[in-house]
Amino acid sequence: MNDHSDQGAIRVSDVMGTDVHTIDGMATVAEAMAAMRRLQISSLVVNRRHDDDELGVITVSDLAREVIAHDRAPERVNVYEVMSKPALTIRSAMLVRYAVRLLVQFGVSRALVVDDAGAPCGLVTLRDLVLGLTPE
């Protein structure tokens, strides 16, 4: 029998990281790299430009693939040129098991967590989700 009762009530909000660090899309990649290094993080949320805009995310992988590997100068590339947008978002109230399926389905290792109003409230990684299902 496959009993999910123990993990059924675990929500994304229970396992997500709540530090949301943002950057403007017009900032340079050099500024994004400096912020990531200073904060010891591997991704930044890119702010909306207006109400009808969507949130973006820039990761160390984006920087490596789009800037460093192509020998582009980080101080001459803007964040908006290499970010992922729209960012994959999941609701903080979503059950962890569904969030895992969503990330796997899209082949990504992290997602931006939003509240019911659509405001960013955290980031969650596949690691956070999977290990969050493990009993302590």
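In case you missed it, the structure is sitting above this.
Residues numbered from 1 in each chain as written. Predicted model: local features only at pLDDT ≥ 70, side-chain atom pairs only at ≥ 80, totals over all residues. Heavy atoms only, no water.

With respect to the helices and strands, the residue Ile-58 is situated in strand S3 (residues 56-59). For the pair Ile-58 and Ile-23, spaced 35 residues apart in sequence, the C-alpha to C-alpha distance is 9.1 Å. With residues near it in sequence (within four places) discarded, Ile-58 still touches Ile-23, Met-36, Ser-42, Ser-43, Leu-44, Val-46, Leu-63, Val-79, Val-82 and Met-83. (Helix = DSSP H or I, 4+ residues; strand = E, 2+ residues; numbered from the N terminus. Contact = heavy atoms within 4.5 Å.)

Among all positions in helix H3 (residues 60-68), only Asp-62, Leu-63 and Val-67 are buried. One side of H3 carries all its buried residues, which in axial view fall inside an arc of 95°. Here the buried face of H3 lies against helix H2 (29-39), S3 and helix H4 (79-82). (Buried < 20%, exposed > 50% of the residue type's maximum accessible area, 1.4 Å probe, protein only. Arc of directions from axis to C-beta.)

So, on to the side chain of Ser-43. Relative to the elements of secondary structure, Ser-43 occurs in strand S2 (residues 43-46). A distance of 3.4 Å separates a polar atom in the side chain of Ser-43 from a polar atom in the side chain of Arg-110. Residues contacting Ser-43, with those up to four places away along its chain left out, are Met-36, Val-57, Ile-58, Thr-59, Arg-110 and Leu-123. (Polar contact = N/O pair within 3.5 Å; in protein donor to acceptor, adjacent residues only side chain to side chain.)

Turning our eyes to something else, we now look at the packing of H2 against H3. At a minimum axis distance of 11 Å, the contact between H2 and H3 shows a crossing angle of 145°. H3 is crossed by H2, and the crossing has left-handed handedness. Judged by residue contacts, Val-29, Met-33 and Met-36 of H2 engage Val-60, Leu-63, Val-67 and Ile-68 from H3. Classifying every residue of the contact of H2 with H3 gives seven nonpolar, no polar and no charged. (Axes fitted to C-alpha atoms, helices over the stretch in contact; angles between N-to-C directions. Left-handed = near helix turned anticlockwise from the far one by under 90°. Nonpolar A, V, L, I, M, F, W, Y, C, P; charged D, E, K, R; others polar.)

Read across the sheet, three strands follow the order S4-S5-S6 without closing on themselves; strand pairing throughout is mixed. Here the strands that pair on one side only, and so sit at the sheet edges, are strand S4 (89-91) and strand S6 (120-125). The average undirected angle you get between the axes of adjacent strands in this sheet is 35°. Sheet topology note: the S4/strand S5 (residues 110-114) ladder contains three bridges and is parallel. Its bridge partner being in S5, Thr-89 is matched across the sheet by Leu-112. (Pairing = 2+ DSSP bridges.)

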